[in-house]
Amino acid sequence: MNDNTGVGGGGGGKMSTGGGPGVLCKVCGDRASGKHYGVPSCDGCRGFFKRSIRRNLEYVCKEGGKCVVDVSRRNQCQACRFAKCLQANMRREGKSHVRTPKPPWEDFPGTLVRKSNTCRNHLNRIGVPHLPGRN
């Protein structure tokens, strides 16, 4: 596989490797949309890598693993694109351990009651009358 990220023939030739808005995808050289699976990458490579690992797909290159993976040719060889994802250090476990934080009341029973009492006490202190029909 060739590691060229430049694309010949027109199309806005600005290339950046630093941080900020000009960050490039480490796989194909397109503009990165953010850090996905631990690596700055574009939405196309993020989605490709996600589908590949979730479906546990295996690819075979017809050219012996020497295909160029860049913006204009990234869809030509899935095997070389996936290999380049791994070479760029995209982590398989990058999204498999998605944790949703527990609501605070699951850790501390009675938290909501205490908070509502605290709010009510504060409202009483500043002179807001108790609303009828509310506890």
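Residues numbered from 1 in each chain as written. Predicted model: local features only at pLDDT ≥ 70, side-chain atom pairs only at ≥ 80, totals over all residues. Heavy atoms only, no water.

*Asks:* Before we move on, can you summarise the pattern of salt bridges with the specific residues and values?
*Replies:* Pairing between side chains of opposite charge can happen when the charged atoms of each approach one another. For the coordinates displayed, the defined rule picks out three salt bridges. With a shortest N-O distance of 3.2 Å, R74 and D30 are connected by a salt bridge. One end of the pair, R74, is in the loop between α1 (43–54) and α2 (78–87); the other, D30, is in the segment before β1 (34–36), and 44 residues separate them in sequence. Look at D30 and you get partly exposed, because its relative accessible area is 25%. Put simply, R73 and D70 hold a salt bridge, and the shortest N to O gap is 2.7 Å. Taking relative accessible area as the criterion, R73 reaches 34% and is therefore assigned partly exposed. (Salt bridge = Lys/Arg side-chain N within 4 Å of Asp/Glu carboxyl O. Helix = DSSP H or I, 4+ residues; strand = E, 2+ residues; numbered from the N terminus. Buried < 20%, exposed > 50% of the residue type's maximum accessible area, 1.4 Å probe, protein only.)

*Asks:* Explain α1 residue by residue, including any values.
*Replies:* Over its 12 residues, α1 extends 16 Å from the first C-alpha to the last, a length consistent with the 16 Å expected when each residue adds 1.5 Å. Along α1, the positions that sit buried rather than exposed are C45, G47, F48, F49, S52 and I53. Each element contacted by the buried residues of α1 is listed here: α2. N56 occupies a position one or two residues after α1 and carries a positive phi of about 55°. (Expected span 1.5 Å × (residues − 1). Contact = heavy atoms within 4.5 Å.)

*Asks:* Account for the state of the cysteines, naming residues and giving values.
*Replies:* Following the criterion strictly, the structure yields zero disulfides and no others. Free cysteine C45: the closest other cysteine sulfur is in C42, separated by 3.7 Å. Owing to a relative accessible area of 0%, C45 belongs among the buried residues under this scheme. In this model C61 remains outside any disulfide bridge; the closest cysteine sulfur is found in C67, 3.6 Å from its own. Its relative accessible area of 17% is what places C61 among the buried residues. (Disulfide = S-S within 2.5 Å.)

*Asks:* Break down unusual backbone geometry for me, with residues and values.
*Replies:* With a phi close to 55°, Y37 is a non-glycine residue in the positive phi region. Here Y37 is to be found in the loop between β1 and β2 (39–41). Even without being glycine, N56 reaches a positive phi, approximately 55°. Inspection of the secondary structure puts N56 in the loop between α1 and α2.

*Asks:* Quick one: what's the story with α2, residue by residue and with numbers?
*Replies:* All buried positions along α2 are accounted for by A79, C80, R81, F82, K84 and C85. Just downstream of α2, N89 is the residue with a positive phi angle, here 75°.

*Asks:* Break down the confidence of the model for the chain for me, citing the residues and quoting the values.
*Replies:* Mean pLDDT for the chain: 76, with 64% of residues reaching 70 or above. Element-level mean pLDDT values for the chain span from 55 in helix α3 (residues 104–107) up to 97 in α2. Note on residues 1–19: pLDDT is under 50 here. Beyond four places in sequence and across chains, it has 28 contacts. (pLDDT = per-residue confidence, 0-100.)

*Asks:* Go over the packing of aromatic side chains, please, and point to the residues and values.
*Replies:* Enumeration according to the criterion identifies four aromatic pairs in this entry. Seen in terms of ring centroids, Y37 and F49 are 5.1 Å apart; in terms of plane orientation they differ by 70°. Their pairing is edge-to-face. Here Y37 is found in the loop between β1 and β2, whereas its partner F49 is found in helix α1, with 12 residues between them in sequence. Y37 gets classed as buried once you look at its relative accessible area, which sits at 4%. Take F49: its relative accessible area is 0%, and that puts it in the buried class. Members of the aromatic cluster, connected to one another through ring pairs, are Y37, F48, F49, Y59 and F82. (Phe/Tyr/Trp six-rings, centres within 6.5 Å; stacked < 30°, edge-to-face > 60°.)

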